[in-house]
Amino acid sequence: MKPETRDKLAFDSKAVYYNPDPSTKSINAPLYLSNNFQYDEEIYQNIVEGARITENIYGRCGNPNETLLQEQVAMLENADGCLALGSGMAAVATTCLALLRPGDHIVSDWTTYSSTHEMFDHRLTDFGIETTFVDCNDIEAVKAAITEKTKIIYFETIANPNMRVTAIPPLVKLARDNNLLVICDNTFASPYVMRPLDWGVDIVVESATKFMGGHNDVLGGIIAIKKTNLPDDFLHDLRWGTHVKLGGVLSPFNAWMLLRGLQTLPVRLERQCKTAMKLALYLENHPAVQKVHYPGLVSHPNHEIAKTQMPNYGAMLTFEVADGQSAIEVCDSLELCAFAASLGSVRTITQIPATMAFLDIPKIEREKMNIQDGMVRVSVGLEDPHDVINDIDQALNQITIHKQG
Ligand SMILES: Cc1ncc(COP(=O)(O)O)c(C=O)c1O
């Protein structure tokens, strides 16, 4: 297919299609399980003369499966370029280490995935990089946090786990006025729900482990960029200057699995978002549930922002029961839905953020993130919506029975 025809395709068609393998004409990508590729005189000469060839040299520098995945994701995120890595955290860390130097400063939203928050709060400080945490929807607070050392503003499109949605245009304007870069983690949304680069964000990082892979069987990470405010050779430097040196690479098999996962991303998410909405509405009326956090609900504090920025409200939600003990009782009583760490797959998965992913974050900081002990996170899967609701209903009724007894 000609590139100009491909560019005009709808998101769903872009997700499914890629050009046949040039050597075999196979319509599915062959799996290239090779970490070495034969040099010929031309390649050898290019390398000797300093050219940086990004694929088919050595596995850590690139692989045909990784290259194809990068092209597909760049298309789906409306990016100018993309780098695929071994995990979501490899994407976050590699981006930070490529951009920041000792003395630099980050302004980050209060609520980010626990490992990201901890990396900003502890690991990066070891390298002289400081972070100020603010509510990124409070633009005056963001403004006040910016110093002459600030280089980036960082947030999550839908924050893990409190489901806050950040308004992007005011942050982008502030960043442009202050010559900063805007980076966001799009994991909870996925490019089906939200394409932040279209809103002026400079760099998107994402855990492909989640909705992109979609089947609980692969780890991967994505960095997708818009070139406008970045140096021309940014992607090249990101790969050669940082990624290849740090070595957080994606295996060819995982790249192949992610390509396969991407093909069904739109159909999975279409269904998952619908079920999430039904579940959120149901939970809002359950007597054992104190609060539901889902951007599609009118009661969500960022509903209007979400309505403007996202054509769908996503497949993640959280709800609150009385306390941590009740949350455990609910998750432990589930029969159909899983009680596990991850998210974004065909299975409905529950998690208790306070005592699982965010356990290492002190309670005082968890409270600033609005992570309550009785909060249950749900990643809605592809099961029949009635079965999901029935399962969560019977689990919620266990706490009621327990309390009454
Ligand atoms: C929002 C977010 N970003 C990044 C990550 C890290 O992804 P990975 O586990 O692929 O390293 C996660 C993991 O749960 C996440 O939820």
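Per-chain numbering applies: the sequence of each chain, read as written, is numbered from 1 onward. Two thresholds apply to this predicted model, a pLDDT of at least 70 for residue-level local features and 80 or more for giving and counting side-chain atom pairs, whereas whole-chain, interface and lining totals are computed over all residues. Hydrogens and waters are ignored; side-chain quantities use all the structure's heavy atoms.

Another aspect to go through is the overall build of the protein chain. Of regular secondary structure, the protein chain possesses 16 helices and 12 strands. The dimensions of the protein chain, computed from C-alpha atoms along their principal axes, are 80 × 50 × 35 Å. For the protein chain, contacts bridging at least 24 residues in sequence account for 72% of all contacts bridging at least 6. Per-residue accessibility takes into account occlusion by the displayed protein chains alone, with areas from the Shrake-Rupley method and a 1.4 Å probe. A total accessible area of about 17,300 Å² is found for the protein chain, and carbon and sulfur atoms account for 53% of it. Just so you know, the count uses Lys and Arg for positive and Asp and Glu for negative, and it drops His and the chain ends. Where a charge lies is defined by one atom per residue type, namely NZ (Lys), CZ (Arg), CG (Asp) and CD (Glu). For the protein chain, the distance from the average position of its 34 positive side-chain charges to the average position of its 50 negative side-chain charges is 3 Å. Secondary structure is summarised from DSSP: a helix means a run of H or I of at least four residues, a strand means a run of E of at least two, and numbering begins at the N terminus for each. Two residues qualify as a contact provided that any one of their heavy atoms is within 4.5 Å of a heavy atom in the partner residue.

Turning our attention to the side chain of Asn63. Relative to the elements of secondary structure, Asn63 occurs in the loop between α3 (41-48) and α4 (64-76). In this view, Asn63 contacts Tyr32, Ser34, Phe37, Asn56 and Pro252; residues no more than four positions away in its chain are not counted.

Let us look at the environment of Lys25. Within the fold, Lys25 resides in the loop between α2 (11-16) and α3. Only protein chains enter the calculation, and the probe is 1.4 Å; a residue is then buried if its accessible area is under 20% of its type maximum, exposed if over 50%, and partly exposed in between. Note on Lys25: relative accessible area 59%, which makes it exposed. Along the backbone, Lys25 and Cys273 are 248 residues apart, and their C-alpha atoms lie at a distance of 36 Å.

Strand pairing follows a simple DSSP-based rule, namely that at least 2 bridges must link the two strands. Reading across the sheet, the five strands line up as β8-β9-β12-β11-β10 and stay open at both edges, with mixed pairing between neighbours. Here the strands that pair on one side only, and so sit at the sheet edges, are β8 (291-293) and β10 (338-339). With two bridges connecting them, β10 and strand β11 (residues 349-351) associate as parallel partners. Bridging from a neighbouring strand, Phe339 pairs with Thr350 of β11.

Here the protein chain is described as being made up of domain 1 (3-263) and domain 2 (267-404). A C-alpha centroid distance of 27 Å is found between domain 1 and domain 2. Facing 36 residues of domain 1, the contacting portion of domain 2 comprises 42 residues. As a working definition, buried area equals the accessible area (1.4 Å probe) given up by two parts on being put together, with both sides summed. The junction of domain 1 with domain 2 conceals about 3,100 Å² of combined surface from both sides, 64% of it contributed by carbon and sulfur atoms. The largest per-residue losses of area from domain 1 upon contact with domain 2 belong to Met163, Tyr192 and Phe211, which jointly make up 21% of the total buried on that side. One side-chain nitrogen of Lys or Arg within 4 Å of one carboxyl oxygen of Asp or Glu is enough to make a salt bridge. Inspection of the domain 1/domain 2 interface yields zero salt bridges. Any pair of N or O atoms that falls within 3.5 Å is considered a polar contact. Within protein, one atom must be able to donate a hydrogen and the other to accept it, and sequence-neighbouring residues count only if both atoms are side-chain atoms. There are 13 residue pairs in polar contact (both at pLDDT 80 or more) connecting domain 1 and domain 2. Mapped onto the side of domain 1 that touches domain 2, the elements with two or more residues apiece are α6 (114-123), α8 (168-177), α9 (190-193) and α11 (252-263). Considering every element that reaches the side of domain 1 that touches domain 2, the biggest residue donor is α6, with four residues. Residues are grouped as follows: Ala, Val, Leu, Ile, Met, Phe, Trp, Tyr, Cys and Pro are nonpolar; Asp, Glu, Lys and Arg are charged; every other residue, Gly included, is polar. Of the residues in the side of domain 1 that touches domain 2, the class split is 18 nonpolar, 14 polar and four charged. An automatic or database domain assignment supplies the start and end points of every domain.

Let's shift gears to the side chain of Gln72. Within the secondary structure, Gln72 sits in helix α4. Residue Gln72 is classed as buried on the basis of its relative accessible area of 2%. From its side chain, Gln72 meets the backbone oxygen of Lys14 in a polar contact 3.2 Å long. A polar contact of 3.1 Å, which involves the side chain of Gln72, links it to the backbone oxygen of Tyr17.

Here the focus is the packing of helix α5 (residues 88-99) against helix α10 (residues 234-246). Between the N-to-C directions of two axes lies an angle of 0 to 180 degrees, each axis being a line fitted to C-alpha atoms and, for a helix, fitted only over the stretch in contact. At a minimum axis distance of 10 Å, the contact between α5 and α10 shows a crossing angle of 115°. In terms of orientation, α5 lies roughly perpendicular with respect to α10. When you trace α5 past α10, the crossing you get is right-handed. Residue-level contacts link Thr94, Thr95, Leu97, Ala98 and Leu99 of α5 to Phe234, Leu238, Thr242, His243 and Leu246 of α10. Classifying every residue of the contact of α5 with α10 by side-chain character gives six nonpolar, four polar and no charged. Angle categories are assigned with fixed cut-offs, so that under 35 degrees is roughly parallel, over 145 is roughly antiparallel, 65 to 115 is roughly perpendicular, and the rest are oblique. Crossings are assigned a handedness: left-handed for a near helix turned anticlockwise from the far helix by less than a right angle, right-handed for a clockwise turn.

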